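Observations on the model geometry
So the chains spell out like this:
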Amino acid sequence: MSSLLDRKFCVAPMMQYTDMHDRYLLRLISKKIFLYTEMISTGSLIYGKCYDQLEFNNEEHPVGVQLGGSDINDLIECSKKCEQYGYDEINLNVGCPSDRVQKGKFGACLMLEPHLVSECLSNMQNAVKIPVSIKCRLGIDNHESYEFLHNFISIVKNSGTNIFIIHARNGILNGLSPRQNRNIPPLKYEYVYKLKKDFPELEIIINGGIKNLDDSKNHLDKVDGVMIGRAAYDNPFMLKDIEPMFYDIKSQTNSKKEILNLYLEYVEEKIDQGHNLSRMMKHLFGLSRGDKYAKSFRIKILEIIKNNSIKEHKKELEELLVY
Ligand SMILES: Cc1cc2nc3c(=O)[nH]c(=O)nc-3n(C[C@H](O)[C@H](O)[C@H](O)COP(=O)(O)O)c2cc1C
């Protein structure tokens, strides 16, 4: 399904990181980025009745939800639910290498089952009007050739899905932890560039190891979009340059202090609704990245969490940011 949404810059789905609060913070910094939820398994939605995992803020749009699963009926049910909640896109996770996920027969192990992935995606797409996308790896274990990836995409694209987010590394299912799987298998960006050449009709978004907007610029000469994960979390303020650098729009984000104050207003509101202070505040750690008082800023945040004292320490926290 073709889509008018702009995915030139995406922030990667990251469990325990890109929750609704982090996404709210990121949206304060850039209006243009495309956001994704953490992976939500169909099992926890349907059988755990954890539909509150789907909660998000209106300000987050455009935002996609990432599902993990491989049971077609469950994926259909969850896709419908996600559309009702108001998400802009549904993404299927075919990249997570964790043991738990493998046992559930979803995530990266599905790279070996392109026909099943294709069936899942076409059923999901038939169930909803919003676009359905996939996030996958280059291959898994010793399936390392470009031909393997080419074959996977050739089959999966028959589902009608044309948005492919590719983490440019193999997944290693036995022997490496999820964390190691994000660092040890070598990045092969050239495979992703070649995919775009071989399938120009597909929207190809490259992911893995992208550190900053200058690197992004180089990738964008060859593919349709970039997805940044850890670098965006560790230093969210770098996203403020997306508008001026890539859209010729003056950034609306003036200073870190302004972002901090807007976010703290949000946190105070959410505390009243029963959200967890620590979960919300930890997303601020990266805001002081590179600043003179970065360490003191982080210590002050911990103090605020411990004493539940935003009001009392707001000003001090602001003063620890350089601008
Ligand atoms: C803490 C953490 C949690 C992650 N959780 C998910 C997830 O839920 N779904 C997913 O597709 N990828 C997940 N990833 C992988 C990222 O989306 C991304 O593919 C990977 O970090 C490589 O991009 P980067 O080098 O820009 O961080 C996670 C990564 C991290 C660091």
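Residues numbered from 1 in each chain as written. Predicted model: local features only at pLDDT ≥ 70, side-chain atom pairs only at ≥ 80, totals over all residues. Heavy atoms only, no water.

**Brief notes about the overall build of the protein**
This is how it is decided: Strands are runs of DSSP state E lasting at least 2 residues, helices are runs of H or I lasting at least 4, and numbering of each runs from the N terminus. The reference for a compact globule is 2.2 Å times residues^0.38; the radius of gyration itself is calculated from the C-alpha atoms. Type-normalised accessible area, obtained with a 1.4 Å probe on protein chains alone, sets the label of each residue: buried when under 20%, exposed when over 50%, and partly exposed for intermediate values. By the convention used here, residues are in contact when the closest approach between their heavy atoms is within 4.5 Å. Shrake-Rupley sampling with a 1.4 Å probe provides the accessible areas, and residues are treated as covered by the protein chains on show and by no other component. Counted as positive: Lys and Arg. Counted as negative: Asp and Glu. His and the chain ends are not counted at all. Think of each charge as sitting on NZ of Lys, CZ of Arg, CG of Asp or CD of Glu.
Helices and strands together make up the secondary structure of the protein, namely 14 helices and 10 strands. In terms of overall dimensions, the protein is globule-like: its C-alpha atoms have a radius of gyration of 20 Å, near the 20 Å expected for 323 residues. Dimensions of the protein, computed from C-alpha atoms along their principal axes, come out at roughly 55 × 45 × 40 Å. Taking all 323 residues of the protein together, 58% fall into the buried category. Within the protein, residue pairs in contact and separated by at least 24 positions form 71% of the contacts whose partners lie at least 6 positions apart. Within the structure as shown, the protein displays about 14300 Å² of accessible surface, and the carbon and sulfur contribution to it stands at 49%. Here the protein contributes 43 positive and 43 negative side-chain charges, whose respective centroids are spaced 3 Å apart.

**Regarding the packing of helix H6 (residues 146–156) against helix H7 (residues 189–198)**
Where we set the bar: Comment: axis = line fitted to C-alpha atoms, over the contacting stretch for helices; angle = value between 0 and 180 degrees taken between N-to-C directions. Should an angle fall under 35 degrees it is taken as roughly parallel, and over 145 as roughly antiparallel, whereas 65 to 115 is taken as roughly perpendicular and any remaining angle as oblique. Take the far helix as your reference; a near helix turned counterclockwise from it by less than a right angle gives a left-handed crossing, and one turned clockwise gives a right-handed crossing. Under the convention adopted here, Pro, Cys and the residues Ala, Val, Leu, Ile, Met, Phe, Trp and Tyr are nonpolar, Asp, Glu, Lys and Arg are charged, and Gly plus all remaining residues are polar.
Two elements in contact, H6 and H7, have axes separated by 11 Å at closest approach and are oriented at 45°. Regarding the angle of H6 to H7, the classification is oblique. Of the two elements, H6 crosses H7, and the hand of that crossing is right-handed. Listed contacts from H7 to Tyr146, Leu149, His150 and Ile153 of H6 are Tyr191, Lys194, Leu195 and Asp198. Looking at the contact of H6 with H7, its residues break down into five nonpolar, one polar and two charged.

**Notes on the pairing of strand S5 (residues 132–136)**
Regular strands have side chains that alternate between both faces of the sheet. Operational definition: The criterion for strand pairing is that DSSP finds at least two bridges linking the strands in question.
Counting buried positions along S5 yields five of five residues, so the element is predominantly enclosed. Burial along S5 is two-sided: Val132, Ile134 and Cys136 and Ser133 and Lys135, pointing in opposite directions, are all buried. Of the pairings in the sheet, the one linking strand S4 (residues 89–94) to S5 comprises five bridges and is parallel in character. Of the residues in S5, the one forming a bridge with leucine 92 is isoleucine 134. Bridge count between S5 and strand S7 (residues 163–167): three bridges; the pairing is parallel. Paired with cysteine 136 across the two strands is isoleucine 166, which belongs to S7.

**Structural notes on a nonpolar patch on the surface**
Heads up, the condition is: The patch calculation keeps residues exceeding 30% relative accessible area without a salt bridge and links them within 9 Å when they carry like charges or within 5 Å when they are nonpolar (Val, Leu, Ile, Met, Phe, Trp, Tyr). We define a salt bridge as a contact between a side-chain nitrogen of Lys or Arg and a carboxyl oxygen of Asp or Glu at a distance within 4 Å.
Taken together, the side chains of Tyr293, Val322 and Tyr323 make up a nonpolar region of the molecular surface, amounting to roughly 280 Å² of accessible area. Mapped onto the secondary structure, tyrosine 323 falls in the segment after helix H14 (310–319). By relative accessible area, which is 39% here, tyrosine 323 ends up partly exposed.

**Remarks on the site of the ligand**
Here is the rule: Note on terminology: near, applied to a residue and a molecule or strand, indicates that one of the residue's heavy atoms is within 4 Å of it. Polar contact is the term for a pair of N or O atoms within 3.5 Å; when the atoms are in protein, one must be able to donate a hydrogen and the other to accept it, and sequence-neighboring residues count only if both atoms are side-chain atoms.
Close to the ligand lie 17 residues, the nearest being Gln66, Asn207, Gly209, Gly229 and Arg230. Within the backbone of proline 13, an N or O atom sits 2.8 Å from an oxygen atom of the ligand. With respect to the ligand, the side chain of asparagine 207 contributes an N or O atom lying 2.6 Å from an oxygen atom. Isolated, the ligand exposes 610 Å² of accessible area, and the fraction of that covered by the protein chains is 90%. Looking at the shell around the ligand residue by residue, the classes come out as seven nonpolar, seven polar and three charged.

**Examining the side chain of serine 216**
Tracing the chain through its elements places serine 216 in helix H8 (residues 213–220). Ignoring sequence-local partners within four residues, the contact set of serine 216 consists of Phe9, Ile210, Val226 and Ile228.

**Structural notes on the sheet that holds strand S9 (residues 203–207)**
The eight strands lie next to each other as S1-S10-S9-S7-S5-S4-S3-S2, forming an open sheet whose pairing is parallel. Looking along the sheet, the strands with just one partner apiece sit at the ends: strand S1 (9–11) and strand S2 (35–41). Neighbouring strand axes in the sheet, compared pairwise and without regard to direction, differ in orientation by 25° on average. Relative to S9, H7 is tilted by about 175°, and along the sheet it contacts S7 and S9. Contacts between H8 and the sheet are confined to S1, S9 and strand S10 (225–228), with S10 contributing the most and set at about 145° to the helix.

**Details of the pairing of S7**
The element S7 is largely enclosed, with a buried count of five among its five residues. Burial of S7 is two-sided: the residues Ile163, Ile165 and His167 facing one way and the residues Phe164 and Ile166 facing the other way are all buried. Judged from the five bridges that link them, S7 and S9 form a sheet pairing that is parallel. Bridge pairing in S9 places isoleucine 163 opposite glutamate 203.

**Some words on a negative patch on the surface**
Together, Glu59, Glu265, Glu269 and Asp272 make up a region of like negative charge exposed at the surface. Turning to its location among the elements, glutamate 265 is positioned in helix H11 (residues 256–272). Looking at glutamate 265, the relative accessible area reads 47%, which means it is partly exposed.

**Observations concerning the domain arrangement of the protein**
Under the convention used in this document: Annotation comment: domain bounds sourced from an automatic or database domain assignment. Reported buried area values correspond to the accessible surface (1.4 Å probe) lost by two parts on association, with both partners' losses combined.
Under the domain assignment used here, the protein contains domain 1 (9–247) and domain 2 (256–319). A C-alpha centroid distance of 29 Å is found between domain 1 and domain 2. The partner domain 2 presents 15 residues to the 17 residues of domain 1 that form the contact. Buried surface at the junction of domain 1 and domain 2, both sides included, amounts to about 1500 Å², of which 61% is carbon and sulfur. Area buried by domain 1 at its contact with domain 2 is led by His21, Leu25 and Phe237, which between them contribute 37% of it. Linking domain 1 with domain 2 are one salt bridge, by the criterion used here.

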